[in-house]
Amino acid sequence: LLHELRRRLPPAAEASAEAARAPAGGEVVPAVLREAAPAAAVAASSPSGDGPILPEEVLVGDSRLRFYGFVRLDAIFDDSRPSALQTPTFILSEGPGNRDENSFNFHPRLTRFGMSYAGPEVAGLGGASLGGKIEIDFQNGGRESRQIVRMRHGYLTLGWDDVTLLVGQTWDAFSPLYPTVNSDTLMWNAGNLGDRRPQVRVRVASERDGGTFSFTGGIGLTGAIDSQDLDGDGIRDGDDAVLPNVQLRFAWDSAKGARNPWSLGFSGHYGREEVQTPIAGRTDFDSFSLNLDVQATFNRRVFLKGELWTGENLSDFRGGIGQGINPRTGGEIESAGGWLELGFKASEVYSVYVGQTLDDPTDADVPPGGRIENRASYLVNRFRFGRPFMIGLDYLNWKTRFKGLPSGTDNRLNLYLIYNF
């Protein structure tokens, strides 16, 4: 099999394999955007060391395939109860009946495998280049020895000179950054907006002397995250509205190869939900957000990135601490928040990141017992021993406040080992 794969790999591609290597998980390139790129621009790596290895690019018919991923084991300690041990989004109230108790868990569920592909040009569509990606992990429930596969990405692209059309599932176009900490849930509902969902979108980019201006616009499936069905009629309220959410982003990225690269983005979304049985006299509910994202690198050693946002009815977009509609009043829950992170590459082996996150719903909009603030401070330590192997240790001090109930505060330690390939 190895002989056949190498026979089908063009000599030019094999010669350039080393140059094509790029991080495929584990320690994400600092300030990475969650912007889906054409498959031809996505590179995956092979194991380093002696002995035969699979080629980085395999030809199958008219398509070029690249495989990437990593094997990962996480060990997690909490001194208070999070909403879920492996996928936390807030800390439970430490009131009567829920004592402040320790817990320990370890799992390989974030192990990831992906395949990007680039196909031939489509003459009937103006010479558009085909591309796309399929990516999975195992954080989708099931028993600990029988984990269920989860599709992270599954999309195809059609690319022209300055225009790319994407159809399938990938990251939301708005609020495109994410913190380095907590790879299980990326601080969703604790300050970081945006998730993956089925969508159709177009990206237009225009390169200029000083950098690149880009516009991304598209529609996405409302209810893909929270599956909200307030009236219990068996149809998600987003589907009942017969209107996908609309997402937009305008961005400026500094010129390629700049010594101190930076980017600035403005984005937002609008969505609508509908019920057949009125909730507190209402049948229609709006969802929107406005977002600012920024990232910068200084001297290739210092990294800064963060986001600010405001909006309402954000439970399907990882905001409002998972609360979108107040069922008592029928009102949308407003919320504001964001996060900021500073990173430093101390050496080729060690990098450190510190950050703060916040999701702050409007107290008056939240029903009694609801969550009114979710914040975390964190410290990330990463040790990379050559490209394939990395060890990380994250610490979070995480606090969630409740309306009329005691707060919950958790000190969380997350040790993880990653082998990239």
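Analysis parameters
Residues numbered from 1 in each chain as written. Predicted model: local features only at pLDDT ≥ 70, side-chain atom pairs only at ≥ 80, totals over all residues. Heavy atoms only, no water. Helix = DSSP H or I, 4+ residues; strand = E, 2+ residues; numbered from the N terminus. Buried < 20%, exposed > 50% of the residue type's maximum accessible area, 1.4 Å probe, protein only. Contact = heavy atoms within 4.5 Å. Areas by Shrake-Rupley, 256 points an atom, 1.4 Å probe, with all protein chains shown as cover. Core = buried A, V, L, I, M, F, W, Y, C linked by side-chain atoms within 4.5 Å. Pairing = 2+ DSSP bridges. pLDDT = per-residue confidence, 0-100. Phe/Tyr/Trp six-rings, centres within 6.5 Å; stacked < 30°, edge-to-face > 60°. Lys NZ or Arg CZ within 6 Å of the ring centre and 35° of its normal. Salt bridge = Lys/Arg side-chain N within 4 Å of Asp/Glu carboxyl O.

A. Examining the overall build of the protein more closely. When you go through the protein residue by residue, the secondary structure sums to 4 helices and 22 strands. A burial count over the protein gives 48% of its 421 residues as buried. A fraction of 63% describes how many contacts in the protein between residues 6 or more apart in sequence connect residues 24 or more apart. Only carbon and sulfur atoms are counted for the fraction: they give 60% of the accessible area of the protein, which is about 18,700 Å².

B. Structural detail: the nonpolar core. The biggest cluster of nonpolar side chains holds 17 residues, and the ones touching the most others in it are V181, M187, Y378, V380, L396 and W398. In this structure V181 touches L186, M187, E341, Y378, V380, D394 and L396, once residues within four positions along its chain are discounted. Ranked by size, the runner-up nonpolar core spans 5 residues in total, among them L193, W309, L314 and F317.

C. Inspection of the pairing of strand β3 (residues 103-107) at higher detail. Burial along β3 is one-sided: S103, N105 and H107 are buried, and none of F104 and F106, which face the opposite way, are. Alignment of strand β2 (residues 63-78) against β3, held across 5 bridges, turns out to be antiparallel. Bridging from a neighbouring strand, F77 pairs with F104 of β3.

D. Expanded view of the confidence of the model for the protein. Here the protein averages 88 in pLDDT, and 86% of its residues register 70 or above. Considering only residues more than four positions removed or in separate chains, one finds that residues 1-54, a stretch of pLDDT under 50, has 116 contacts.

E. Quick peek at the environment of P361. Position of P361 relative to the elements: it lies in strand β19 (residues 350-361). When its relative accessible area of 2% is taken as the criterion, P361 is described as buried. Along the backbone, P361 and S335 are 26 residues apart, and their C-alpha atoms lie at a distance of 3.8 Å.

F. Representation of the packing of aromatic side chains. Inspection of the entire model under this criterion finds 7 aromatic pairs. On the basis of an interplanar angle of 45 degrees and a centroid distance of 5.9 Å, the ring pair of F104 and F106 is categorised as tilted. A single burial state applies to F104 and to F106, both of which are exposed. One Lys or Arg, R196, reaches over the ring of W171 and ends 4.9 Å from the middle of that ring. We note R371 situated over the ring of F90; from NZ or CZ to the ring centre the distance is 4.1 Å.

G. Up close: the environment of W262. With respect to the element layout, W262 can be found in strand β13 (residues 262-279). Its relative accessible area of 40% is what places W262 among the partly exposed residues. What W262 contacts, discounting residues up to four positions off in sequence, is W252, D253, S254, Q295 and A296.

H. Focus on the pattern of salt bridges. Within the structure shown, the criterion is met by 20 salt bridges. Through salt bridges with shared partners, one network takes in R112, E135, D137, R150 and R152.

I. How the structure looks around the side chain of T212. Take T212: it is sitting in strand β11 (residues 211-220). Take T212: its relative accessible area is 14%, and that puts it in the buried class. With residues near it in sequence (within four places) discarded, T212 still touches A205, S206, E207, A251, W252 and D253.

J. View of the side chain of S254. Structurally, S254 can be placed in strand β12 (residues 245-254). In contact with S254, not counting residues within four places along its chain, are G210, G211, P261 and W262.

K. How the structure looks around the environment of G265. Residue placement: G265 occurs in strand β13. Sequence separation between G265 and P176 is 89 residues, and the spatial gap between their C-alpha atoms is 8.8 Å. The residues touching G265, leaving out its near neighbours within four places in the chain, are R249, F250, A251, N291, L292 and D293.

L. Local environment of the pairing of strand β14 (residues 282-298). As paired strands, β13 and β14 are joined by 14 bridges and run antiparallel to one another. Bridged to H269 within β14 is S289. Taking the residues that link successive antiparallel strands as the turn, the β13-β14 hairpin has 2 residues, and the phi of A280 there is positive, at about 50 degrees. Where β14 lies against strand β15 (residues 302-312), 11 bridges are found, and the strand directions are antiparallel. Residue pairing across strands places Q295 opposite K305, the latter belonging to β15.

M. View of unusual backbone geometry. Even without a glycine there, the phi angle at S227 is positive, about 50 degrees. The topology assignment puts S227 in the loop between β11 and α4 (237-240).

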